[in-house]
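Listed below, chain by chain, are the residues.
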Amino acid sequence: MIFRFFSILSILFLVSSCGQIDFIYNNGNKINPLKNNTVVKKSGLDIPILNSYISQYFGTSELPKFEMYIVLNEEKTKSSVETNQSVSTLRYDLDFHYQLKSISKDCLIFEKKIQSTFSVTPKSSGFNFGSDKSLESKYELAIDENFNELISYILNIDINNCKNEN
């Protein structure tokens with residue numbers, strides 16, 4: 001009897017406490033307006049994983065409305081050099097320069113430089129699978145964060161008006 005009472009009470013508590021859970025992710029209806037509307041042209045540093053992120057964020061379009069120019073530059077800085085001149089920490093600065101242009105109006109809509117930075121600790125000379133995978137994952141994380149920041153800027157502007165229009 002007591003066991004049944006606590007069982008029913010537990011089930012009622014569980015059901016009432018889960019009443020406000022939404023199982024669908026709500027992103028506030030902030031949809032990337034450039035997805036499947038943009039052709040991307042890139043130059044500068046060639047990072048192989050960049051192409052997959054371009055496809056993920058910008059998609060493909062047979063009739064694009066926009067052109068996104070991405071110039072990627074990298075600067076490596078030895079931030080800690082040991083007494084034997086070996087590097088104990090490398091700092092990578094990735095500079096993304098974005099230009100969004102309207103194809104129909106032939107004008108600049110948006111221009112922004114966004115920098116991503118990360119550090120790695122290289123291992124001894126030669127192939128080191130762990131270091132190489134770590135570096136690759138840091139590139140991926142930097143690209144993903146950079147593109148997310150770009151899209152958040154894009155969501156806060158009117159992409160139907162040119163930059164030099166009032």
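For the structure, check the block above.
This report concerns the structure included in the present document. (Residues numbered from 1 in each chain as written. Predicted model: local features only at pLDDT ≥ 70, side-chain atom pairs only at ≥ 80, totals over all residues. Heavy atoms only, no water.)

## Quick notes on the pattern of salt bridges
At step 1: Here the structure, examined in full by the defined rule, presents four salt bridges.
At step 2: Notably, a salt bridge pairs K41 with E67, separated by 3.3 Å at the nearest N-O pair. Of this pair, K41 sits in strand β1 (residues 38–44) while E67 is found in strand β2 (residues 66–81), placing the two residues 26 residues apart along the sequence.
At step 3: Taking the relative accessible area as the measure of exposure, K41 reaches 38% and is therefore partly exposed.
At step 4: When the shortest N-O distance is used, the salt bridge between D46 and K42 registers 3.4 Å. (Salt bridge = Lys/Arg side-chain N within 4 Å of Asp/Glu carboxyl O. Helix = DSSP H or I, 4+ residues; strand = E, 2+ residues; numbered from the N terminus. Buried < 20%, exposed > 50% of the residue type's maximum accessible area, 1.4 Å probe, protein only.)

## Details of the packing of aromatic side chains
Each aromatic ring pair is summarised here by two numbers: the centre-to-centre distance and the angle between the ring planes.
At step 1: A complete count under the given rule lists eight aromatic pairs for this structure.
At step 2: When the centroid spacing of 5.0 Å and the interplanar angle of 10° are considered together, the rings of Y92 and F118 count as stacked. Taken together, the residues Y92 in strand β3 (residues 87–102) and F118 in strand β4 (residues 107–120) connect sequence positions 26 residues apart. Residues Y92 and F118 agree in their burial class; the two are buried.
At step 3: Ring pairs connect the aromatic residues Y57, F58, F96, Y98 and F147, which therefore count as one cluster. (Phe/Tyr/Trp six-rings, centres within 6.5 Å; stacked < 30°, edge-to-face > 60°.)

## Brief notes about unusual backbone geometry
At step 1: The phi dihedral of N36 falls on the positive side, at around 60°, and the residue is not glycine.
At step 2: One can find N36 in the loop between α1 (2–17) and β1.
At step 3: With a relative accessible area of 39%, N36 lands in the partly exposed category.
At step 4: Of note, the phi angle at D106 is positive, near 50°, even though the residue is not glycine.
At step 5: Counting through the fold element by element, D106 comes out in the loop between β3 and β4.

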